[in-house]
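So the chains spell out like this:
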Amino acid sequence: MPKHAANEPHGTSSNPADRVSASDAPVPDDERDDRIGLTEAFSPVSVDPVVDEPDAPAEGRDNAIGLTQAFAPVGGSSEGPAHAGGFSYKGDTDDEYPDAFDSLEPREVPPLLLAEDELPLEPEQPVGRHGKKDKPDVPPHMRKSRRMRRVLIVVVVLLAVLLAALGYFTFRLIDESQTLATQQTQQQQDAQEVTAIQQEETKDASTETAKKTEAPDLASVLGLTQDEAVAALKHGAEVTSSKDVNEEGNPVKKNVTVALTDEPADTRTGTPTVYLGLNEEGKVVQAGYSASTAALGYGSLSFADAVKNEHVVEKTLQEAGIPVAEGAATLPEDKTVYSTYDTDGTTLVKENCSFSGTVDLNGAAHEWSAVLSYNYTTANMSGNLADTVRIIYVYINA
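A brief structural summary. As the structure is a prediction and not an experimental result, all values here were calculated from the model.

Quick notes on the overall build of the protein
Okay, step 1: Secondary structure assignment for the protein yields 10 helices and 8 strands.
Okay, step 2: The proportion of buried residues among the 398 residues of the protein is 27%.
Okay, step 3: By sequence separation, contacts in the protein at least 24 residues apart represent 55% of the contacts at least 6 residues apart.
Okay, step 4: Carbon together with sulfur atoms contributes 53% to the accessible area of the protein, which is approximately 27,400 Å² in total.

Here it is in structure tokens:
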């Protein structure tokens, strides 16, 4: 059977002779025209007896049409409407009726937005067994490239976080180190100023500070009663307080404080004062005196200079009637023994040292003692070493 037999319309004979006979049927003249019907236009062109059946009689080949004839102008006339009665797959003009094949071609759709790029048409993805579209197969090099991009992104983010943290901690470290350095520098400057003034040597203390008072004769009041001692002290001596002492083995049973009101008072240490120690009989067995070194005529000397060079301790004892030789008062070699520092370990707060010895008075040995005290608390707060409180205490025992 020929290949085109399956495409013939139902009820149409495949015999060429039958088709020719049907086409030769008489048609009235008023209904005859040159057009061909739908069935005839698309009749299999392979039924031409010349091609398929070369031995067919010649009369059977008169009414058959070929492929070229099937699509030639119908009716053999170039005039008259082409679609007056039969079928035409194409209209009068291409604009009005576009070609059927042309209409099946894909058309470019303009983008919805001016800046929108034209998206390429993606092939429809196959549908899996569960109704979901299967992911398209990605080449191995593209999968590797995607993984590398993800890894690089993670690495970049981690590096950014690490750099930010490093910068933050570096800033904090620099800020704290600068603050600590500033504090240490300030403390060192303060300590150096204090040390420089303390170690400053004075050629003549009297030229720096005028002497405002003098120590009373303490040795002369030993063995006197309280009233006799107050009268002998002079300088406007007045008893300001007294206190009983109950200590076993202590010869002093009563302490009396006497203010020398006629002497100028110091703004930091007050009025020069005398201390009397009475025994059970009411006799003076101990006499002491305190005053600021500035009132005694000693200027802003350093602690070490006041003891070693100016001999403030010995001179004050001598002025109080106690003949102590210069050099009797000595400082320990270790400065920390008599120095007190602040919690930072460098700021000097106080210097305090006691001295003692024996002296001969009227052929009898008497014990003497002295205390020199420098307090830098106020000076550290004000930043002025002139505010240092300097006091000296001297005692003589019967």
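Moving on from the model shown.
Structural notes on the nonpolar core
Okay, step 1: With 48 residues, the main nonpolar core has L276, Y289, F355, W368 and I396 as its most contacted residues.
Okay, step 2: Take this core: its biggest share by element is 5 residues, from strand 6 (residues 348-361).
Okay, step 3: With residues up to four places along the chain from it excluded, the contact list for F355 reads V307, V313, A329, T330, L331, W368, S369, A370 and L372.

Some points on the sheet that holds strand 8 (residues 389-397)
Okay, step 1: As summarised here, the arrangement of the 8 strands in space is 1-2-3-4-8-7-6-5, forming an open sheet in which the pairing is antiparallel. The strands lining the two open edges of the sheet, one partner per strand, are strand 1 (237-244) and strand 5 (339-341). Averaged over all adjacent pairs, the angle separating strand axes in this sheet is 15°, with direction ignored.
Okay, step 2: Note: strand 1 against strand 2 (residues 254-260), 7 bridges, orientation antiparallel. Counterpart to S241 in the pairing with strand 2 is T257.
Okay, step 3: Strands strand 6, strand 7 (364-375) and strand 8 of the sheet are contacted by helix 9 (residues 312-319), whose axis makes an angle of about 50° with strand 8.

Describing a nonpolar patch on the surface
Okay, step 1: Among the surface-exposed residues, V151, V155, L159 and L162 lie close enough to one another that they form a single nonpolar patch of about 350 Å² accessible area.
Okay, step 2: Tracing the backbone shows V155 in helix 5 (residues 140-198).

Here we look at the pattern of salt bridges
Okay, step 1: As enumerated under the stated definition, the model contains 3 salt bridges in all.
Okay, step 2: E176 is the salt-bridge partner of R172, the closest N and O atoms lying 3.5 Å from each other. Pair noted here: R172 and E176 are both in helix 5, with a separation of 4 residues, about one helical turn.
Okay, step 3: Relative accessible area serves as the criterion here: at 46%, E176 is assigned to the partly exposed category.

What to know about helix 7 (residues 226-233)
Okay, step 1: Within helix 7 the residues assigned to the buried category are A229, V230 and L233. When helix 7 is viewed along its axis, its buried side chains cluster within an angular range of 100° and face the same direction. Exposed and oriented more than 90 degrees from the buried face of helix 7 are D227 and A231.
Okay, step 2: The inward-facing, buried residues of helix 7 contact strand 1, strand 2, strand 3 (273-278) and strand 4 (284-292).
Okay, step 3: K234 sits one or two residues past helix 7 and shows a positive phi near 60°.

Brief notes about helix 9
Okay, step 1: Taken together, the buried positions of helix 9 are V312, V313, E314, T316 and L317.
Okay, step 2: Looking at the buried side of helix 9, the elements it contacts are helix 8 (303-308), strand 6, strand 7 and strand 8.
Okay, step 3: The positive-phi residue at the C-terminal boundary of helix 9 is G321, with phi of around 85°.

Points about the packing of aromatic side chains
Okay, step 1: Per the counting criterion, the structure on display carries 5 aromatic pairs.
Okay, step 2: Considering the side-chain rings of Y168 and F169, the 5.5 Å spacing of their centres and the 70° angle between planes classify their relative orientation as edge-to-face.
Okay, step 3: With a relative accessible area of 45%, Y168 lands in the partly exposed category.
Okay, step 4: Ring geometry for Y374 against Y376: centres 6.3 Å apart, planes inclined by 70°, an arrangement best described as edge-to-face.
Okay, step 5: Residue classification places Y374 among the buried positions, given a relative accessible area of 1%.

Comments concerning the pairing of strand 8
Okay, step 1: Across 7 bridges, the pairing between strand 4 and strand 8 is antiparallel. Each residue of the ladder has a partner; that of Q286, found in strand 8, is N397.
Okay, step 2: Looking at chain direction, strand 7 and strand 8 are connected through 8 bridges and run antiparallel. Within the sheet, the bridge partner assigned to S369 lies in strand 8 and is Y395.

Considering the pairing of strand 6
Along a regular strand, successive side chains alternate from one face of the sheet to the other.
Okay, step 1: Alignment of strand 5 against strand 6, held across 3 bridges, turns out to be antiparallel. Its bridge partner lying in strand 6, Y341 is registered against L348.
Okay, step 2: In terms of strand pairing, strand 6 meets strand 7 through 12 bridges, oriented antiparallel. The residue bridging N352 from the neighbouring strand is S373, located in strand 7.

Some words on the environment of N352
Okay, step 1: By the secondary structure assignment, N352 is in strand 6.
Okay, step 2: Distance in space between the C-alpha atoms of N352 and S373 is 4.4 Å, their sequence separation being 21 residues.
Okay, step 3: Here N352 is in contact with F303, Y338, V371, L372 and S373, once residues within four sequence places are set aside.
Okay, step 4: Side-chain polar atoms of N352 contact the side chain of S373, separated by 3.4 Å.

Focus on a positive patch on the surface
Okay, step 1: A cluster of basic residues, R143, K144, R146, R147, R149 and R150, forms a positive patch on the protein surface.
Okay, step 2: By the secondary structure assignment, R149 is in helix 5.

The rules behind each value
Residues numbered from 1 in each chain as written. Predicted model: local features only at pLDDT ≥ 70, side-chain atom pairs only at ≥ 80, totals over all residues. Heavy atoms only, no water. Helix = DSSP H or I, 4+ residues; strand = E, 2+ residues; numbered from the N terminus. Buried < 20%, exposed > 50% of the residue type's maximum accessible area, 1.4 Å probe, protein only. Contact = heavy atoms within 4.5 Å. Areas by Shrake-Rupley, 256 points an atom, 1.4 Å probe, with all protein chains shown as cover. Core = buried A, V, L, I, M, F, W, Y, C linked by side-chain atoms within 4.5 Å. Pairing = 2+ DSSP bridges. Axes fitted to C-alpha atoms, helices over the stretch in contact; angles between N-to-C directions. Patch = residues over 30% accessible without salt bridge, like charges linked within 9 Å, V, L, I, M, F, W, Y side chains within 5 Å. Salt bridge = Lys/Arg side-chain N within 4 Å of Asp/Glu carboxyl O. Arc of directions from axis to C-beta. Phe/Tyr/Trp six-rings, centres within 6.5 Å; stacked < 30°, edge-to-face > 60°. Polar contact = N/O pair within 3.5 Å; in protein donor to acceptor, adjacent residues only side chain to side chain. Lys, Arg positive; Asp, Glu negative; His and termini not counted. Charge placed at Lys NZ, Arg CZ, Asp CG, Glu CD.

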